[in-house]
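Read off the chains here:
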Amino acid sequence: MDVQLTQQERQALQDHKKHEEVCIQKYEQFAQQASDPQLQNMFSQFAEQERQHYNSLDQLLSGKQPSTSGGGQKQNPAPGGAQSRQQTGGGQNKEDALLCRDAMMMEKFISDSYDNGIFQSTNPAVRQTLQHIQDEEQQHGEGLLNYLQSQGLQG
Ligand SMILES: [Fe+2]
Ligand SMILES: [Fe+2]
């Protein structure tokens, strides 16, 4: 079934797409910059999910309802294994922590922006898609926070 969008919804979806593009690029960069392999994996996994978000927005914009239910199974990102706590010299841990904090700011921003999008639309397909995406952005935030705490880097 076709999704009919208002001009405002269309504009908001375009903006979300731009934000997701930044998320994809940042997480791809971060996956290369991080020194802890566990963190590299988490960033790569997030980059993949941001790509799915981008595609879902694209589908909405072309009038199709994305299949949000099917996508990525809910895996709790980064349970925070204490085993991967190799001390590789304080500097690298700090660099990794900085990447996590940068990512958290980005997730907070994009989660807020989805929140606005949800409040500005009565279209069920738009609301459902944005809610699904926002849920995953919050999981990203949670994964980042869990990682920092598990490494004793919080605070
Ligand atoms: Fe996203
Ligand atoms: Fe995210």
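First things first, this report covers the structure right here in the doc. Quick caveat: nothing in here was measured; it's all calculated off a predicted structure. Counting of residues starts from 1 at the beginning of each chain's written sequence and follows it residue by residue. Chains and ligands are labelled by the order in which they are written, letters from A for the one and numbers from 1 for the other. Only residues with pLDDT of at least 70 are given local features in this predicted model, and only at 80 or more are side-chain atom pairs given and counted; all residues enter the totals for whole chains, interfaces and linings. Here the side-chain values reflect all heavy atoms present in the structure, with hydrogen atoms and water set aside.

### Let's talk about the overall build of the protein
For the protein, the helix and strand inventory stands at four helices and zero strands. Numbering of helices and strands starts at the N terminus; helices are DSSP runs of H or I of at least 4 residues and strands are runs of E of at least 2. N-terminal to C-terminal, the α/β element order of the protein is α-α-α-α. Categorising residues by exposure relies on relative accessible area from a 1.4 Å probe, with only protein chains included: less than 20% of the type maximum marks a residue as buried, more than 50% marks it as exposed, and the intermediate range marks it as partly exposed. Taking all 155 residues of the protein together, 45% fall into the buried category. Contacts were defined at the residue level, with two residues in contact if any of their heavy atoms lie within 4.5 Å. Pairs at least 24 apart in sequence give 81% of the contacts found in the protein among residues at least 6 apart.

### Some details on helix 2 (residues 37–61)
Helix span, expected: 1.5 Å multiplied by one less than the number of residues in the helix. The end-to-end C-alpha distance of helix 2, which contains 25 residues, comes to 36 Å, matching closely the 36 Å that a straight helix rising 1.5 Å per residue would cover. Two N or O atoms form a polar contact when they lie within 3.5 Å of each other; inside protein one atom must be a possible hydrogen donor and the other a possible acceptor, and for residues adjacent in sequence the pair counts only when both atoms belong to side chains. Where helix 2 starts, the residue carrying a side-chain oxygen 2.9 Å from the main-chain nitrogen of Gln 38 turns out to be Asp 36. Positive backbone phi, at 90°, marks Gly 63, one or two positions downstream of helix 2.

### What about the coordination of the iron ion (ligand 2)?
Note on donors: an N, O or S atom is included if it sits within 2.8 Å of the metal, or within 3.2 Å for Na, K and Ca, and water is never included, so sites can look incomplete. Every protein donor of the iron ion (ligand 2) is listed here as Glu 50 (OE), Glu 107 (OE), Glu 107 (OE), Glu 137 (OE) and His 140 (ND1), and their distances to the metal cover 2.0 to 2.4 Å. Mapped onto the sequence, the residues coordinating the iron ion (ligand 2) show the spacing E-x56-E-x29-E-x2-H. The metal-metal distance between the iron ion (ligand 2) and the iron ion (ligand 1) comes to 3.9 Å, with Glu 50 coordinating both. With Glu 50 in helix 2 and Glu 107 in helix 3 (residues 90–119), this residue pair connects regions lying 57 residues apart in the sequence.

### Digging into the packing of helix 2 against helix 4 (residues 124–150)
Interaxial angles span 0 to 180 degrees and are taken between N-to-C directions of axes, which are lines fitted to C-alpha atoms, for helices over the stretch in contact. In contact at an axis separation of 11 Å, helix 2 and helix 4 are set at 170° when each is read in the N-to-C sense. Taken together, the axes of helix 2 and helix 4 lie roughly antiparallel to each other. Counting all contacts with helix 2, which are made through Gln 38, Leu 39, Met 42, Phe 43, Phe 46, Gln 49, Glu 50, His 53, Ser 56, Leu 57 and Leu 60, the residues of helix 4 involved are Ala 125, Val 126, Thr 129, Leu 130, Ile 133, Glu 136, Glu 137, His 140, Gly 143, Leu 144 and Tyr 147. Residues are grouped as follows: Ala, Val, Leu, Ile, Met, Phe, Trp, Tyr, Cys and Pro are nonpolar; Asp, Glu, Lys and Arg are charged; every other residue, Gly included, is polar. Here the contact of helix 2 with helix 4 is composed, by residue class, of 12 nonpolar, seven polar and three charged. Relative orientations are named as follows: roughly parallel for angles under 35 degrees, roughly antiparallel for angles over 145 degrees, roughly perpendicular for angles from 65 to 115 degrees, and oblique for any other angle.

### A short note on the coordination of the iron ion (ligand 1)
Four donors placed tetrahedrally about a metal ideally form angles of 109.5 degrees, and six donors placed octahedrally ideally form angles of 90 or 180 degrees. Here the iron ion (ligand 1) is held by Glu 20 (OE), Glu 20 (OE), Glu 50 (OE), His 53 (ND1) and Glu 137 (OE), and the distances to it run 1.9 to 2.3 Å. Sequence spacing of the donors to the iron ion (ligand 1): E-x29-E-x2-H-x83-E. Glu 20 sits in the buried class, given a relative accessible area of 0%.

### Overview of empty space enclosed by the protein
Lining residues are those with an atom within 4 Å of a point, where the points come from a 1 Å grid over the protein atoms alone and group into cavities, where a 1.4 Å probe fits but cannot get out, or pockets, open sets with protein on both sides within 12 Å along at least five of seven lines. Grid points are joined across faces, edges and corners, and a volume is the space filled by probe spheres set on the points. This model, assessed by the stated rule, comprises one cavity of 30 Å³ or more. Looking at the largest cavity, its volume works out to about 60 Å³. Looking at the largest cavity, the residues that line it are Gln 8, Glu 9, Ala 12, Leu 13, His 16, Gly 117, Gln 120, Ser 121, Val 126 and Leu 130. Elements with a contribution of two residues or more to the lining of the largest cavity: helix 1 (7–33) and helix 4. In terms of residues, the lining of the largest cavity owes the most to one element, helix 1, which gives five residues. Split into classes, the residues belonging to the lining of the largest cavity amount to four nonpolar, five polar and one charged.

### What to know about the nonpolar core
Of all hydrophobic cores here, the largest spans 32 residues; its most connected members are Leu 13, Tyr 27, Leu 39, Phe 43, Cys 100, Leu 130 and Leu 144. Breaking this core down by element, the ones donating at least two residues are helix 1, helix 2, helix 3 and helix 4. Residues belong to one nonpolar core when they are buried, are Ala, Val, Leu, Ile, Met, Phe, Trp, Tyr or Cys, and are joined through side-chain atoms within 4.5 Å.

### A word on the pattern of salt bridges
Once the charged atoms of two side chains with opposite charge are near each other, the side chains can pair. Within this document, salt bridges are pairs made up of a side-chain nitrogen of Lys or Arg and a carboxyl oxygen of Asp or Glu, the two lying within 4 Å of each other. This model, assessed by the stated rule, comprises five salt bridges. Residue Arg 51 pairs with Glu 48 through a salt bridge whose shortest N-O separation is 3.9 Å. Placement of the pair is Arg 51 and Glu 48 together in helix 2, with a separation of three residues, close to one helical turn. Three or more residues joined by partner-sharing salt bridges are found here, namely Glu 28, Glu 48 and Arg 51.

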